[in-house]
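Topology and contacts: notes
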Amino acid sequence: MTATPIARREAAPLPIFALLGAMVSIQIGATFAKGLFPVIGAQGTTTVRLVIGALMLIAVLRPWQALPSRTTWPWLIGYGMTLCVLNLLFYAALATIPLGVAVALEFSGPLLVATLSSRRATDFAWIVLALAGIVLLSPFIRSAVPLDPTGVMLALAAGACWALYIVLAPRAAAELGTRTTAYGMSIAALLVLPFGAAQAGAVLLTPTILVSALLVGLFSSALPFFLEMVALTRMPARIYGTLTCLEPALGALMGFLFLHENLSAPQLAGIGAVIVAAAGTALTSKPPVPSPE
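Here goes a summary of the coordinates provided. Each chain carries its own residue numbering, running from 1 in the written order of its sequence. Local features in this predicted model are restricted to residues of pLDDT 70 or higher, and side-chain atom pairs are both shown and tallied only at a pLDDT of 80 or more, whereas totals for entire chains, interfaces and linings draw on every residue. Each side-chain value is worked out from all heavy atoms of the structure, with water and hydrogens disregarded.

On to unusual backbone geometry, then. At Arg62, a residue that is not glycine, the phi angle is positive and equals roughly 50°. Numbering of helices and strands runs from the N terminus; a helix is a DSSP stretch of H or I covering at least four residues, while a strand is a stretch of E covering at least two. Mapping Arg62 onto the fold places it in the loop between α2 (13-61) and α3 (73-94). A positive phi angle, close to 60°, is found at His260, a residue other than glycine. Relative accessibility decides the category of a residue: with a 1.4 Å probe and only protein chains considered, values under 20% of the type maximum give buried, values over 50% give exposed, and everything between is partly exposed. With relative accessibility at 64%, the residue His260 sits in the exposed group.

Listed below in structure tokens is the structure:
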């Protein structure tokens, strides 16, 4: 018996490797970004990441070929503002807590949106598991690797922004499709400029910083965007949503390999609980929502 088209798509290795490559690229970009913190701070790093990312997306997507209507602009502005605040909060959290922990806590946003759209008992079970994971990642749990309370709260706030992003993105993209990303990133880049200038000033324009910024923009925006497009056009949405749940684990691995961040057993268990809850939600609820990266 021949395989169905869906079965062939599920078994195809190309989209799976493309999506895994995108997730690894995003976490590598975060490690490069964290390396810039001692020089230009979290706000300066957010600025160069968004500006370089916007320029790369503009070059690839050519947003001027599809101009937004007057009714779309409010959604685009809200989308861009959310993207700006999300990145500022996430990098501020990353300055004080490990990468894997920050990514896991940020996942609270899409988990909340996905589970609140259903009333089934299994969905509430995933909420409970996710909350258990967040508790294990809180500073109130005694651990050999204590977590900064402010960093934890900032990562959870970034998760709330991700939830808002999920609500705004479909409305902003209804008219412009994938070009919405270029518009949103450009708006976010313009909004973040005063923060970066206030913290780092002219240091942002030094050659070494610009080279590092290009690497951050490449690994955090351009490369994962391309790879995700390859995956999304060849992979069922449910498999896409399930695989993206590996991001906290990849963040912890990259943090360990490149940033020498060690996590305690409760923290690893907390990340594991968030991953299982996210995977369970992806398998049992509506199709997944896009990542803001």
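After that view of the structure, there is still more to cover.
So, on to the environment of Gly217. Topologically, Gly217 is positioned in helix α9 (residues 207-232). In the structure, Gly217 is positioned 189 residues away from Ile28 in sequence and 11 Å away in space, judged by C-alpha atoms. In contact with Gly217, other than residues within four places in its own chain, are Ile52, Gly53, Met56 and Ala222. The contact rule is simple, with two residues in contact once any of their heavy atoms fall within 4.5 Å.

Turning next to α9. Under the convention used throughout, the expected extent of a helix is 1.5 Å for every residue step, that is, one less than its residue count. For α9, built from 26 residues, the straight-helix expectation of 38 Å at 1.5 Å per residue is met to within 8% by its first-to-last C-alpha distance of 36 Å. Of all the bends in α9, the greatest, near 45°, is centred on Leu218. Here the bend at a residue is taken as the angle between two axes, fitted respectively to the seven residues that end there and the seven that start there.

Once that is clear, we can look at helix α6 (residues 121-136). Its 16 residues give α6 an end-to-end C-alpha distance of 23 Å, which sits within 8% of 22 Å, the value for a rise of 1.5 Å per residue. Among all positions in α6, only Asp123, Ala130, Gly133 and Ile134 are buried. Down the axis of α6, the buried set is contained in an arc of 100°. They therefore lie on one face. Those residues of α6 that are exposed and angled more than 90 degrees off the buried face are Ala121 and Val128. The directions considered for the arc run from the helix axis to the C-beta atoms.

Further remarks concern the packing of aromatic side chains. A ring pair, where both rings are aromatic, is described by two values, the distance of the centres and the angle of the planes. Classification of ring pairs uses Phe, Tyr and Trp, with its six-membered ring standing for Trp, and accepts pairs whose centres are within 6.5 Å; under 30 degrees between planes counts as stacked, over 60 as edge-to-face, and the remaining range as tilted. Tallied over the full model, the rule gives six aromatic pairs. Through a chain of ring-to-ring contacts, three or more aromatic side chains come together here, namely Phe37, Phe90 and Tyr91.

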